[in-house]
Amino acid sequence: MSDSDGKKTLGLRGAGARPGNVKQSFSHGRTKNVVVETKRKRVVVPKPGASKPGVPGGGAGSPASDPSKRPAGISDAELERRMKALAAAKAQEAEDAVRREEEERQRAEERERRRAEAEAKEREEREREEALKAKEEEDRQRREAETEARKPAPAAPAEAAPVARDAAKPAPAAAQQQMRKTDREREERGRSVKVARDDSGRRAGKLTLNEALSGEGGRQRSMAAMKRKQERARQKAMGGMVEREKIVREVKLPEAIVVSELANRMAERVGDVVKALMQMGMMVTQNQTIDADTAELIIEEFGHNVVRVSDSDVEDVIKTSEDDESDLRPRPPVITIMGHVDHGKTSLLDAIRNTNVTQGEAGGITQHIGAYQVTTKRGDVLTFLDTPGHAAFTSMRSRGAQVTDIVVLVVAADDAVMPQTVEAINHAKAAKVPMIVAINKIDKPSAKPDKVRTDLLQHEVVVEKMSGEVQDVEVSAVTGQGLDDLLEAIALQSEILELKANPDRAASGAVIEAQLDVGRGPVATVLVQNGTLRQGDIFVVGEQWGKVRAMENDQGERVKEAGPSVPVEVLGLNGTPEAGDVLNVVETEAQAREIASYRAQVAKDKRAAAGAAATLDQLMAKAKADESVSELPILVKADVQGSAEAIVQAMEKIGNEEVRVRVLHFGVGAITETDVGLAEASGAPILGFNVRANASARNSANQKGVEIRYYSVIYDLVDDVKAAASGLLSAEIREKFIGYASIKEVFKVSGVGKVAGCLVTEGVARRSAGVRLLRDDVVVHEGTLKTLKRFKDEVNEVQSGQECGMAFENYDDIRQGDVIEIFEREEVERKLA
């Protein structure tokens, strides 16, 4: 096999090849000449009439069509791609050349324009200077002519010389005065010329377009400063500064204001305001706050008008006038069901709604306030509020009475009037709303409706059957007896009230209940009282604000709007409001934020004022009183705001002068890790009412040893807290008398002291018991026994009718005839009522 197989040998011959020698240098001075050949680049020149190179296969003379002229190792596709790239490069090069020519032309035009502007400016300067020079030359020639005119005439005849001398005597004084006047005019003219020459400096600080494009100029004076300078120069040229007219402003003055802000509102210099305050004897700086009265004096001194405002003015946007009578439309009545616990309120409402809410309630008792709408057989729409009957839910019943039109008082026929029944009557009277008495459980054999009517008389509730004005209906939630009569009574009462509202205005309503839902965030149950609440409305409710993101009715269906007397669940709040807060729709989000911020600040100030002691004496007295009081700290988390309030109110009632329950924190929503941290720091348990702790909170509680208790019935929660608080009470010490002994003789025993020989007359004498020494029925000593002997033996107790020997611990003053009272102390555990 030859080394040259398949290889092309180097040679000096060939198309386009040029031979050459290359001298190679090596180490140690060795060199070597190598013969190389260089190939010149082949240039393809298309023949006349051939197609363009950019079009592959465009003609017979192209390399693509003639394989013999194609470069070696290039396929048709590669050649075509190269030809396309070459054509694109030439087209791009042509475009770049055109663009460069256009840019060069624009730059030349710009240079020519700048040169023309510079020449025009120089020409104007030369013309102005030439005009000034011409004017100066003219003035000079005129002055010379005047000087020549004032020169004396040639010598006259001798007889006229005295007369000429007499006439020329005042001439030197007049000439001097005229020359001085001319000099002053020349100086003034020179100054005016100088001003005119320097006037060009006024425009030197302006930033022109040319200077901006050329990057010259740097930091220059503002346009306002140049305008002020030109205005001053113009006024000076017109004969002095003209006093600007004083602008009288309406200055809004809050209850307290910073000095700099006051100066800004008056558009006056801060230094002038500080100077005026110092003249009044107040050494203040621009960052200090002054009261409204002082600021009013300053405003009046500067000649402005005062407009007094207060922080509460932000709520003026939600104050509306009375509705026009023509805009009012009939609205459904709001009926609140009230009564004692377990008297059948929810069961009665279930019978009206054909539902079964009672079955899902913990312990069978209502612990939340519920809002429902019912359509009767006649087509009337009624809104019902179901309130709890437990003693702890006083605030819920109060809220229900405040937003209602009619109160239905449910009384069990077999239980008569109870404490919460009386409380419901008082709430209804305080709210000044009509009442309908529903005597429930009439189907029971032990029902006594007449006893209920009689008991109501004690609380000034006289029903129609007792010749009164209050309607009463006998009903049964189990059998449905009397339900139609109850609905008819409600409809009759609502017709008498003539309930109306304006649905075409901004909505306002009351928060019935609020909670923090895991998936939906803060949710509030709102009863719309006036206007129409629509999706997308911006509202403020108490210390919170929000935008209606979605609304659901009592059936869980999404609705777009809610009119008067319609209860809905509103989503879109930024926080959980307090139950009972008023909801108002505002125009903008900024107004809602401002109102909510103001209300939060007012609430914070009230809490701070309530917690602060008025005087040092009161603070010391409170601290001294707290020394003897034991506290049980707890944290409360509930599912809704109303339940949390009810639990806190119930906790405040637990305790006495020795022990009390302190609620460190209460809120709505699940138990979080933050709650666990607070409980650990305070050594308090966490009570969860219908809520649970999340996973991180449970792990943290297990690590830190924090106790978390869950409740679904408020009875159990209150009883457990009472039992825990009772454990903080000190045990009660009670004395139990177990016997009496009379001293018959006193003996002196060496090493022991005096020993009383006694006869146990009543009960028993014990060695471990306490004793009192009575002398003439007066206690002279109280202590313990040192010894108790029967004959010579030490015994633990001696029965009645037996004799024994007794010696007192650290006491020897015993006499014959004294009586010894023997008693025992026992500790009795106390409990809170």
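Since the model is a prediction, treat every value here as computed from it, not as a measurement.

Thresholds, definitions, all that
- Along every chain, residues carry numbers that run from 1 in the direction the sequence is written.
- This being a predicted model, a pLDDT of at least 70 is required before a residue's local features are given, and a value of 80 or more before pairs of side-chain atoms are given or counted; all residues contribute to the totals for chains, interfaces and linings.
- Side-chain metrics in this entry use all non-hydrogen atoms of the structure; hydrogen atoms and water are not considered.
- Counting from the N terminus, the helices are DSSP H or I runs at least four residues long and the strands are E runs at least two residues long.
- A 1.4 Å probe rolled over the protein chains alone gives each residue an accessible area, and that area as a share of the maximum for its type sets the label: buried under 20%, exposed over 50%, partly exposed in between.
- Working rule for contacts: check all heavy atoms of both residues, and any pair within 4.5 Å makes them a contact.
- Method for areas: the Shrake-Rupley scheme with a 1.4 Å probe, in which residue coverage is limited to the protein chains shown.
- We call a set of buried residues a nonpolar core when its members are Ala, Val, Leu, Ile, Met, Phe, Trp, Tyr or Cys and they connect through side-chain atoms within 4.5 Å of each other.
- Every angle, taken between N-to-C directions, lies between 0 and 180 degrees, and every axis is a line fitted to C-alpha atoms, over only the stretch in contact when it is a helix.
- Reported orientations rely on four angle classes, namely roughly parallel under 35 degrees, roughly antiparallel over 145, roughly perpendicular from 65 to 115, and oblique for the rest.
- Polarity classes work like this: nonpolar for Ala, Val, Leu, Ile, Met, Phe, Trp, Tyr, Cys and Pro, charged for Asp, Glu, Lys and Arg, and polar for all others, with Gly in that last group.
- At least two bridges found by DSSP between two strands are what make those strands a pair.
- A pair of aromatic rings is counted whenever rings of Phe, Tyr or Trp (Trp by its six-membered ring) have centres within 6.5 Å, and the orientation is called stacked for planes under 30 degrees apart, edge-to-face for over 60 and tilted otherwise.
- Remark: a charge is flagged as sitting over a ring if the NZ atom of Lys or the CZ atom of Arg is within 6 Å of the ring centre and within 35 degrees of the ring normal.
- Patches draw on residues past 30% relative accessible area with no salt bridge. Two like charges within 9 Å are joined, as are two nonpolar side chains (Val, Leu, Ile, Met, Phe, Trp, Tyr) within 5 Å.
- Salt bridge, as used here, is a side-chain nitrogen of Lys or Arg placed within 4 Å of a carboxyl oxygen of Asp or Glu.
- Only four residue types enter the charge count, namely Lys and Arg as positive and Asp and Glu as negative; His and the chain termini do not.
- By convention, the charge on Lys lies at NZ, on Arg at CZ, on Asp at CG and on Glu at CD.
- Crossings are sorted by hand: turned counterclockwise from the far helix by less than a right angle, the near helix makes the crossing left-handed, and turned clockwise it makes it right-handed.
- Given a helix with a known number of residues, its expected span is that number minus one, times 1.5 Å.

### Concerning the overall build of the protein
For the protein, the count of helices and strands is 19 helices and 35 strands. Out of the 833 residues in the protein, the part that is buried amounts to 36%. Considering only contacts in the protein between residues 6 or more positions apart, those separated by 24 or more positions represent 68%. Of the roughly 51,100 Å² of accessible surface on the protein, 50% is carried by carbon and sulfur atoms.

### Here's the deal with the nonpolar core
Of all hydrophobic cores here, the largest spans 22 residues; its most connected members are Ile335, Leu348, Phe384, Val408, Leu486 and Ile490. Counting residues per element, the ones that place at least two in this core are strand 8 (334–339), helix 9 (345–353), strand 9 (370–375), strand 10 (381–386), strand 11 (406–412), strand 12 (435–440) and helix 13 (483–497). Considering each element in turn, this core owes the most residues, five residues, to helix 13. Excluding residues within four positions of it along the chain, leucine 348 makes contact with Val410, Ala438, Val475, Ala477, Leu483 and Leu486.

### Some remarks on the packing of helix 9 against helix 13
At a minimum axis distance of 11 Å, the contact between helix 9 and helix 13 shows a crossing angle of 90 degrees. It follows that helix 9 is roughly perpendicular to helix 13 by the angle criterion. Contacts between helix 9 and helix 13 pair Leu348, Ala351 and Ile352 from the former with Leu483, Leu486 and Leu487 from the latter. Its residues placed into classes, the contact of helix 9 with helix 13 shows six nonpolar, no polar and no charged.

### Quick notes on the sheet that holds strand 27 (residues 708–711)
Hydrogen bonds along the backbone pair up the strands of a sheet, which may run parallel or antiparallel. The four strands lie next to each other as 25-24-26-27, forming an open sheet whose pairing is parallel. Every other strand in the sheet has two partners, leaving strand 25 (659–668) and strand 27 as the edge strands with one partner each. Ignoring strand direction, the axes of neighbouring strands in this sheet form an average angle of 25 degrees. Where strand 24 (residues 630–638) and strand 25 come together, nine bridges link them in parallel fashion. Residue isoleucine 634 lies in a different strand from strand 25, and its bridge partner there is valine 663. This element, helix 16 (residues 641–653), spans strand 24, strand 25 and strand 26 (686–689) of the sheet and lies at about 170 degrees to strand 25.

### Focus: the side chain of asparagine 502
Along the polypeptide, asparagine 502 turns up in the loop between strand 14 (500–501) and strand 15 (508–517). Aside from chain neighbours lying at most four places away, what touches asparagine 502 is Asp323, Asp327, Leu328, Asn530 and Gly531.

### Observations regarding the packing of aromatic side chains
Applying the stated criterion across every chain, the model contains two aromatic pairs. Pairing phenylalanine 808 with tyrosine 811 gives two aromatic rings, centres 6.5 Å apart and planes at 85 degrees, and the pair type is edge-to-face. We note that phenylalanine 808, like tyrosine 811, is buried. One Lys or Arg, arginine 692, reaches over the ring of tyrosine 710 and ends 4.5 Å from the middle of that ring. The residue whose ring lies beneath arginine 772 is phenylalanine 823, and the NZ or CZ to ring-centre distance is 4.1 Å.

### Structural notes on the sheet that holds strand 10
The strand order across the open sheet built from six strands is 9-10-8-11-12-13, with neighbouring strands paired in mixed fashion. Each having just a single partner strand, strand 9 and strand 13 (471–474) make up the two edges of the open sheet. Neighbour to neighbour, the strand axes of the sheet diverge by 25 degrees on average, direction disregarded. Bridging between strand 8 and strand 10 involves four bridges; their strand directions are parallel. Note that in strand 10 the partner of isoleucine 335 across the bridge is phenylalanine 384. In the packing of helix 11 (residues 419–431) onto the sheet, the strands contacted are strand 8, strand 11 and strand 12, and the crossing angle to strand 11 comes to about 165 degrees.

### Quick notes on the environment of alanine 741
The topology assignment puts alanine 741 in strand 28 (residues 732–749). Exposure remark for alanine 741: the relative accessible area of 0% places this residue in the buried category. Each C-alpha atom of the pair alanine 741 and glutamate 762 lies 6.9 Å from the other, and the pair is 21 residues apart in sequence. Excluding its chain neighbours within four sequence positions, the residues that come into contact with alanine 741 are Cys758, Leu759, Val760, Thr761, Met806, Asp818, Val819, Ile820 and Ile822.

### Remarks on a negative patch on the surface
On the surface, a cluster of negative charge is contributed by Glu124, Glu127, Glu129 and Glu130. Secondary-structure assignment places glutamate 129 in helix 1 (residues 76–150).

### Digging into the pairing of strand 31 (residues 778–790)
Of the pairings in the sheet, the one linking strand 30 (residues 770–775) to strand 31 comprises six bridges and is antiparallel in character. Paired with valine 771 across the strands is glycine 783, a residue of strand 31. As consecutive antiparallel partners, strand 30 and strand 31 are separated by two residues, and within that stretch aspartate 776 has a phi angle of approximately 55 degrees, a positive value. The pairing of strand 31 with strand 34 (residues 803–808) spans four bridges and is classified as antiparallel. Within strand 34, the residue paired with leucine 788 across the bridge is methionine 806. Across two bridges, strand 31 lies against strand 32 (residues 793–794) in antiparallel orientation.

### Overview of the pattern of salt bridges
Within this structure, the stated rule accounts for 52 salt bridges. The shortest N-O distance in the salt bridge between glutamate 631 and arginine 660 comes to 2.9 Å. With glutamate 631 in strand 24 and arginine 660 in strand 25, the pair connects residues that are 29 residues apart, well separated along the chain. A salt bridge links glutamate 680 to lysine 704, with the nearest nitrogen and oxygen atoms 3.7 Å apart. Here glutamate 680, found in helix 17 (residues 673–682), pairs with lysine 704, found in helix 18 (residues 695–704); they are 24 residues apart in sequence, far enough to count as distant.

### Side note on the packing of helix 17 against helix 18
Relative to each other, helix 17 and helix 18 sit at 20 degrees, their axes nearing to 8 Å. Judged by the angle between their axes, helix 17 and helix 18 are roughly parallel. At the point where helix 17 passes helix 18, the crossing takes the right-handed sense. Contact residues: Glu673, Val676, Gly677 and Glu680 in helix 17; Ser696, Ala697, Ser700, Ala701 and Lys704 in helix 18. Taken together, the residues of the contact of helix 17 with helix 18 break down into three nonpolar, three polar and three charged.

### Looking at helix 1
With 75 residues, helix 1 should reach 111 Å at 1.5 Å per residue; the first-to-last C-alpha distance of 110 Å fits that figure. Along helix 1, the residues that are buried comprise Leu79, Met83, Asp96, Leu132, Asp139 and Arg143.

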